[in-house]
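# Observations on the model geometry
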Amino acid sequence: MTAPPGRRERKKAATRQKIADTALRLFLERGYEAVGIRDVAAEADVAVTTLFSHFASKEALVFERDDDFEQRLTRAVTGRAPDEPLIPALRREIEALVRHCTADGAAPVWRMIDESPALREYEESMRLRHAESLAAAIAADPELSPTTTASRTIARFVIDAYSLAREAADPDAALDEIFGMIEAAWAVTRPSGEPDGRAAL
């Protein structure tokens, strides 16, 4: 059982969230390019050095859930229930991420991202990093034992499923179609009759 975060960790998390919320509000009010790091720090009432201790760049302020999303994807592999197949576990997590990113109020944020070359480039590098982390988790699972190429291919497909579904008029229908293809691709990598669940401990 994981111990609850201490006072210091809670304070640090609250400061990080305050900075991210302030940055997003300023970006949406004034435009991403018109707001600087010093503007965000001043509005959030923190030092610039404090801001950079939480976020490595201006772009990272927009994608403040980046690390959390990456961890959730890898946990979908490493933390799935005994005997649960890989692809349904990944689909469940992607569905949750798509719901989060298509919730009410998300559209202005995505418009801002689409209109900024810097943010589009950051998002692309983020997706590639998430895909590599997911591929490593898949490759490391002894119950799966896929090749490196298979791990990376399925991981890329899954990350692309998130992006494609988020942009679709009907995200659920898009996920049905995409994950049908991912299931078929994954089946090709499995020796005939070999399960891909996790052995019970």
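The paragraphs below set out a description of the structure included in this document. (Residues numbered from 1 in each chain as written. Predicted model: local features only at pLDDT ≥ 70, side-chain atom pairs only at ≥ 80, totals over all residues. Heavy atoms only, no water.)

Once that is clear, we can look at helix 1 (residues 7-30). A rise of 1.5 Å per residue sets the reference length of helix 1, with its 24 residues, at 34 Å; its end C-alpha atoms lie 34 Å apart and thus fit the reference within 8%. Those residues of helix 1 not exposed but buried are Ile19, Ala20, Thr22, Ala23, Leu26 and Phe27. Backbone geometry just downstream of helix 1 places Gly31 in the positive-phi region, at approximately 100°. (Helix = DSSP H or I, 4+ residues; strand = E, 2+ residues; numbered from the N terminus. Expected span 1.5 Å × (residues − 1). Buried < 20%, exposed > 50% of the residue type's maximum accessible area, 1.4 Å probe, protein only.)

Counting 56 residues, the largest nonpolar core has Phe27, Val40, Val62, Leu90, Ile94 and Ile138 as its most contacted members. The contacts of Ile94, once residues within four sequence positions are left out, are Leu73, Val158, Tyr162, Leu175 and Phe179. (Core = buried A, V, L, I, M, F, W, Y, C linked by side-chain atoms within 4.5 Å. Contact = heavy atoms within 4.5 Å.)

A water-sized probe, rolled over the atoms, reveals where empty space remains. Taken as a whole, the largest pocket spans an internal volume of roughly 530 Å³. Lining the largest pocket are 28 residues, with Val62, Arg65, Phe69, His100 and Cys101 positioned closest to its centre. Those elements that provide at least two residues to the lining of the largest pocket are helix 1, helix 4 (58-62), helix 5 (66-78), helix 6 (86-101), helix 7 (107-114), helix 8 (117-140) and helix 9 (148-167). (1 Å grid on protein atoms, 1.4 Å probe; cavity = no way out; pocket = protein on both sides within 12 Å on 5 of 7 lines; lining within 4 Å. Points joined across faces, edges and corners; volume = space filled by probe spheres on them.)

With that out of the way, let us pick up the packing of helix 6 against helix 10 (residues 171-189). Describing two packed helices takes the angle between their axes plus the distance from one axis to the other. Direction vectors running N to C along helix 6 and helix 10 enclose 155°, while the axes themselves pass 11 Å from each other. One finds that helix 6 runs roughly antiparallel with respect to helix 10. Handedness of the crossing formed by helix 6 with helix 10: right-handed. For the pair formed by helix 6 and helix 10, the contact residues are Leu86, Ile87, Pro88, Leu90, Arg91, Ile94, Glu95 and Val98 on the first element and Pro171, Asp172, Leu175, Asp176, Phe179, Ile182, Glu183 and Trp186 on the second. When grouped by side-chain class, the residues that make up the contact of helix 6 with helix 10 number eleven nonpolar, no polar and five charged. (Axes fitted to C-alpha atoms, helices over the stretch in contact; angles between N-to-C directions. Parallel < 35°, antiparallel > 145°, perpendicular 65-115°, else oblique. Left-handed = near helix turned anticlockwise from the far one by under 90°. Nonpolar A, V, L, I, M, F, W, Y, C, P; charged D, E, K, R; others polar.)

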